[in-house]
Amino acid sequence: MINDDTKLIPVNRVEVVGQRDTTVMAAKTNTQMDDPRFRIRPIQQIASACTGAMLTACFMTPLDVVKTRIQAQQAKMTNKCFLYCNGLMDHLCPCDAKASFPEVKPIKPLTGTVDAFFHISRTEGIRSLWSGLGPTLISALPSTIIYFVGYEQFKRKFLEFHYEYLAEVKGSPIGREVPLLVPLIAGITARICAVTCVNPVELIRTKMQSEKMTYAQITSAIQKVVQSQGIWGLWRGLRPTILRDVPFSGLYWTCYETIKSHYGVIEPTFGFSFLAGAVSGSIAATITTPFDVIKTHEQIEFGEKVIFAEKPVKQLPTASLGKRLATIYATNGVPGLFAGLGPRLLKVAPACAIMISTFEYSKAFFYHYNVEQYSEH
């Protein structure tokens, strides 16, 4: 362990004076990765999260535009909704022909994913595959920042608490293994904070996506939700969101940290983070799919009866988790509880892989930057 008053002496400078890249070699050990002098600052974590969110959205949006078009052509009833997800967050949108949502346009019947890619690119231009990217980034960045920065901060605090009060060997957590309980609790806590803060914004954004609205109309829409549902109506859908996203987050980070620990990886490469993120995301997505099905049902029901309804209902009854699971099981059996697992894995795995690998790569960049800055001083 390095004390605060200890100078960082590059190893190779003992033999070769003036060789700057040895500063990184001296700070490459496990005991220095969490050293307070080199630790990644919150603003650097925010920059890392933003970079990952933007890259994820850029890669995932074309897949969702295609999926949205295919889903839209199957809906014939007015005020019906579908769920649009870009790998970062969900979007509840109207499906009727009069809707002005940019991803929903009257086109010839599409026979599949490949046909949709070629047809949209040929008839509307390649840029149409990224339609709605701007609003998606604006709405996704706050949630992503809160989530990833929150995880890093909670993980550090929980580690310090664990080794200060719970570990057999008391002392600093620097350079020691991460117990599995830490990423589990940190991931759950960070996700609860993120979904709670962003949920009211989600309702407003959903209404804005359904039609072009002025600020006065946005205010009116908010008032309508509050009048019909009360102030807590702005947090409508929070419970099913937590039921799906919180277990997913806890499982995801636990799997990811376990893979890193199993292979003894302290500073993962881009490729390692990509594969570990894809595997962890797939495991978490598979286990939590029943919660995702319930959340989809509740969001669509809320959209049909409140957001996109001409006369919103004042009281929308909510069934318990057990009752919804029993209803889905009675109607469709076990396959119904895991409906959409294939498409979800196809989307979640690459989204998690791109996000975590970019986040880790950016963290490594800032870590070495901090080491060099400290050494220069």
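Presented here is an overview of the structure given in this document. (Residues numbered from 1 in each chain as written. Predicted model: local features only at pLDDT ≥ 70, side-chain atom pairs only at ≥ 80, totals over all residues. Heavy atoms only, no water.)

**Topic: a nonpolar patch on the surface**
Inference 1: Together, Phe270, Phe274, Leu275 and Tyr361 give the surface a local cluster of nonpolar side chains, amounting to about 440 Å² of exposed area.
Inference 2: Looking at which element gives the most residues to the nonpolar patch, the answer is helix H9 (residues 270-307), with 3 residues.
Inference 3: Given a relative accessible area of 42%, phenylalanine 270 falls into the partly exposed group. (Patch = residues over 30% accessible without salt bridge, like charges linked within 9 Å, V, L, I, M, F, W, Y side chains within 5 Å. Areas by Shrake-Rupley, 256 points an atom, 1.4 Å probe, with all protein chains shown as cover. Salt bridge = Lys/Arg side-chain N within 4 Å of Asp/Glu carboxyl O. Helix = DSSP H or I, 4+ residues; strand = E, 2+ residues; numbered from the N terminus. Buried < 20%, exposed > 50% of the residue type's maximum accessible area, 1.4 Å probe, protein only.)

**Observations regarding the environment of asparagine 199**
Inference 1: Along the chain, asparagine 199 falls in helix H6 (residues 181-210).
Inference 2: For asparagine 199 and threonine 241, which are 42 residues apart along the polypeptide, the C-alpha to C-alpha distance reads 9.0 Å.

**Observations concerning helix H4 (residues 113-124)**
Inference 1: The end-to-end C-alpha separation of H4 is 16 Å, in line with the 16 Å expected for 12 residues at 1.5 Å each.
Inference 2: Taken together, the buried positions of H4 are Ala116, His119 and Ile120. Buried positions in H4, seen along its axis, are confined to an arc of 95° and lie on one side of it. Exposed residues on H4 whose side chains face more than 90 degrees from its buried face are Val114, Phe118 and Arg122.
Inference 3: Positive backbone phi, at 95°, marks glycine 125, one or two positions downstream of H4. (Expected span 1.5 Å × (residues − 1). Arc of directions from axis to C-beta.)

**Focus: the state of the cysteines**
Inference 1: Under the criterion given, the structure shown has 0 disulfides.
Inference 2: The cysteine cysteine 193 is free of any disulfide, with cysteine 197 supplying the nearest cysteine sulfur at 6.4 Å. (Disulfide = S-S within 2.5 Å.)

**Some thoughts on the environment of cysteine 352**
Inference 1: Assignment of secondary structure puts cysteine 352 in helix H11 (residues 341-376).
Inference 2: Relative accessible area serves as the criterion here: at 12%, cysteine 352 is assigned to the buried category.
Inference 3: Note: C-alpha distance between cysteine 352 and serine 282 (70 residues apart in sequence) is 8.7 Å.
Inference 4: The contacts of cysteine 352, once residues within four sequence positions are left out, are Phe248, Tyr252, Gly277 and Gly281. (Contact = heavy atoms within 4.5 Å.)

**Looking at the nonpolar core**
Across soluble globular proteins, nonpolar side chains show a tendency to be buried alongside one another.
Inference 1: Counting 20 residues, the largest nonpolar core has Tyr147, Phe148, Phe248, Tyr252, Trp253 and Ile356 as its most contacted members.
Inference 2: Going through the elements one at a time, helix H5 (133-166), H6, helix H8 (238-262), H9 and H11 are the ones with two or more residues in this core.
Inference 3: Once residues lying within four places of it in the same chain are set aside, the contact partners of tyrosine 252 are Gly277, Ser280, Gly281, Ala284, Cys352 and Ile356. (Core = buried A, V, L, I, M, F, W, Y, C linked by side-chain atoms within 4.5 Å.)

**As for the pattern of salt bridges**
Oppositely charged side chains can form a pair if their charged atoms are brought close together.
Inference 1: Enumeration over the complete set of coordinates arrives at 7 salt bridges.
Inference 2: Residue lysine 260 is joined to glutamate 360 by a salt bridge in which the shortest nitrogen-to-oxygen separation is 3.6 Å. A residue pair is termed long-range when its members are at least 10 positions apart, and lysine 260 in helix H8 and glutamate 360 in helix H11 qualify at 100 residues.
Inference 3: Via salt bridges that share partners, Glu152, Lys155, Glu257, Lys260, Glu360 and Lys363 belong to a single interconnected network.

Note that all results are geometric; they support no functional claim without further evidence.
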